[in-house]
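So you can see what is in the structure, the chains are spelled out below.
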Amino acid sequence: MAKIIAIANQKGGVGKTTTAVNLAAAVGHKGKRVLLVDSDPQGNSTSGYGINKREIKNSSYDVIVGSCKAADAVIPTKFKNVSVMPSGMDLAGAEIELAELENRESRLKNALALAAGDYDYIFIDCPPSLGLITLNCLCAAQTVLIPIQCEFYALEGLSQLVNTIRTVKRMYNPYIEIEGILLTMYDSRLNLTQQVVDEVKKCFPKKVYGSFIPRNVRLSEAPSYGEPVMYYDKSSKGAKAYAKLADEFLKDNR
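Residues numbered from 1 in each chain as written. Predicted model: local features only at pLDDT ≥ 70, side-chain atom pairs only at ≥ 80, totals over all residues. Heavy atoms only, no water.

S.K.: Is there a simple way to think about the packing of helix α1 (residues 16-29) against helix α11 (residues 237-252) in this case?
M.R.: Packed helices, taken two at a time, are described by the angle their axes make and the gap between the axes. Packing of α1 against α11 brings their axes to within 9 Å, and their N-to-C directions diverge by 70°. Of the possible angle classes, the one that applies to α1 and α11 is roughly perpendicular. Between α1 and α11 lies a crossing whose hand is right-handed. Every residue of α11 that contacts α1 at Thr18, Thr19, Asn22, Leu23, Ala26 and Val27 is listed here: Tyr242, Ala243, Leu245, Ala246, Phe249 and Leu250. (Axes fitted to C-alpha atoms, helices over the stretch in contact; angles between N-to-C directions. Helix = DSSP H or I, 4+ residues; strand = E, 2+ residues; numbered from the N terminus. Parallel < 35°, antiparallel > 145°, perpendicular 65-115°, else oblique. Left-handed = near helix turned anticlockwise from the far one by under 90°. Contact = heavy atoms within 4.5 Å.)

In structure tokens:
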């Protein structure tokens, strides 16, 4: 059965989707069967794998509202061992529809349970908000991987997200834990970067990944070509950082 990991941060621009796309690719490249679920209405993980959103028949929206099974929304990709459950614009209206459905917080969990046997890992790219879709993601997941940018305000956002995870654990999903905290847009030349790293490690001494994701032009360019960075430019700093993160992630999940 697959381990399900939500990649979440209610703050936008922290490298959440970049991490979802590139960690999924790196773990798949290392021989694990991976499903990437795009639950963000912006659909950036979907386009990051070169999937044309206009040609999608079924999406994560259809799965969440119950109009199709998870397997019917999955698209195999040309990248080793990675399949994607895409997102479409319909998902933006799902918050309103979910409010009136039964078991509204566990729709995604129930759908993914039927597909979990086909994969080793399921990564969920969550929306940059704390609404009903994100609640579905957190209820479906066993763990949460939290990317945070190396800046002062990231610490405030992290505190808020941790409180949300505690609430979900108490009310809906008693098994959820923090998988790890990933520091992104890392620049060793800046004093602030090291201050943020030290503060996060002080608060979460055993949860911060040793791998940092640097600011990297290739990481920014790769989505416009519809490729994870390791396929776009495997020699880039970004590709090497996510390969190292994948090693660390798999070591933790042996």
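S.K.: Help me understand the pairing of strand β4 (residues 82-85), please; the structure alone is not making it clear to me.
M.R.: Consecutive residues of a regular strand have side chains that alternate between opposite faces of the sheet. Burial of β4 is two-sided: the residues Val82 and Val84 facing one way and the residues Ser83 and Met85 facing the other way are all buried. As paired elements, strand β2 (residues 34-38) and β4 share four bridges and run parallel to each other. Residue pairing for β4: Leu35 is matched across the bridge by Ser83. Pairing geometry for strand β3 (residues 75-76) and β4, over two bridges, is antiparallel. Looking across to β4, one finds that Ile75 is bridged to Val84. From the end of β3 to the start of β4, which pair antiparallel, there are five residues, and Asn81 there has a positive phi angle of about 65°. (Buried < 20%, exposed > 50% of the residue type's maximum accessible area, 1.4 Å probe, protein only. Pairing = 2+ DSSP bridges.)

S.K.: I tried to follow the packing of aromatic side chains on my own but got confused; where do I start?
M.R.: By the definition in use, this model includes seven aromatic pairs. Each ring, one from Phe79 and one from Tyr231, has its centre 4.8 Å from the other, and the planes form 55°; the classification is tilted. Here the residue Phe79 occupies a position in the loop between β3 and β4, and Tyr231 occupies one in helix α10 (residues 229-232), the gap between them amounting to 152 residues. Given a relative accessible area of 30%, Tyr231 falls into the partly exposed group. Each ring, one from Tyr225 and one from Tyr232, has its centre 5.0 Å from the other, and the planes form 25°; the classification is stacked. An aromatic cluster of three or more residues is present, and its members are Tyr49, Phe79 and Tyr231. (Phe/Tyr/Trp six-rings, centres within 6.5 Å; stacked < 30°, edge-to-face > 60°.)

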